[in-house]
Amino acid sequence: AHESPTRTFLRTRPGGVWVLILGALTLLFWLVSRAEAQAALAMAGFAALLVDSWAARRSVSAVRLSLHGPTDAVAGEPVAWVLTAHHLRRPVAVTAAMRPQPRRVLITSERPVLVGLPSTSRGMIHRLLLDVTSTGPLGLFEAGRRCRITPVAPVFVGPSAIRDDPEWPPLRAVGFGFTETAP
């Protein structure tokens, strides 16, 4: 499957906001008191933010996904795909960008993983959108990227099979309107 990634985004998590607020308050107190310990604490907080954002962004930017799946699917039933992540530096979470959002799949190694994605309505699947997210080592930032994956061949999504009953239904009218020529 061919993949075309989008730009990487970076989002602050609640812990990152608190570290930023505490670092700013500590820096303000340092301006008033000129205590070196407060300056060191503020700089350590800002360094933690910087390192965590860099690690989260780096872990997502290198990941390449390959996806192999069936050639046809049934509408309304999940479709099994084999997902492989290449150039994995840290564990990442992969989820399909659709509503209702399916559960995330945590990928920790480059081994293939079987992923069940909900099927769309009837038609053809020309491309899949997958969101790849990862947090930094401290959990202060979350980085993500959306990947557009085009399968080698389009996946046809058809209706579910109709059960065929070879036996004739019983007659509803008994003795009314029957003749020898039209039983």
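The structure this text deals with has already been given above.
The paragraphs below set out a description of the structure included in this document. All values reported here derive from a predicted model rather than from experimental measurement.

Scoring rules and cut-offs
Residues numbered from 1 in each chain as written. Predicted model: local features only at pLDDT ≥ 70, side-chain atom pairs only at ≥ 80, totals over all residues. Heavy atoms only, no water. Pairing = 2+ DSSP bridges. Helix = DSSP H or I, 4+ residues; strand = E, 2+ residues; numbered from the N terminus. Axes fitted to C-alpha atoms, helices over the stretch in contact; angles between N-to-C directions.

**Some thoughts on the sheet that holds strand 8 (residues 113-117)**
Paired through their backbone hydrogen bonds, the strands of a sheet run either parallel or antiparallel.
Here's step 1: The antiparallel open sheet is built from three strands, whose spatial order is 3-5-8. Only two strands of the sheet have a single partner each, and these edge strands are strand 3 (64-68) and strand 8. Adjacent strand axes in the sheet meet at a mean angle of 35° when their direction is disregarded.
Here's step 2: Two elements, strand 5 (residues 79-86) and strand 8, share five bridges in a ladder whose sense is antiparallel. Each residue of the ladder has a partner; that of Ala 80, found in strand 8, is Gly 116.

**Here we look at the sheet that holds strand 12 (residues 155-158)**
Here's step 1: Taken in spatial order, the three strands line up as 4-12-9 in an open sheet, and their pairing is mixed. Each edge of the sheet is formed by a strand with only one pairing partner; in this case those strands are strand 4 (72-74) and strand 9 (123-125). Strand after strand, the sheet turns through a mean of 30° between neighbouring axes, direction not considered.
Here's step 2: Here strand 4 runs beside strand 12; their pairing, made up of three bridges, is parallel. For Ala 73, the partnering residue across the bridge sits in strand 12 and is Val 157.

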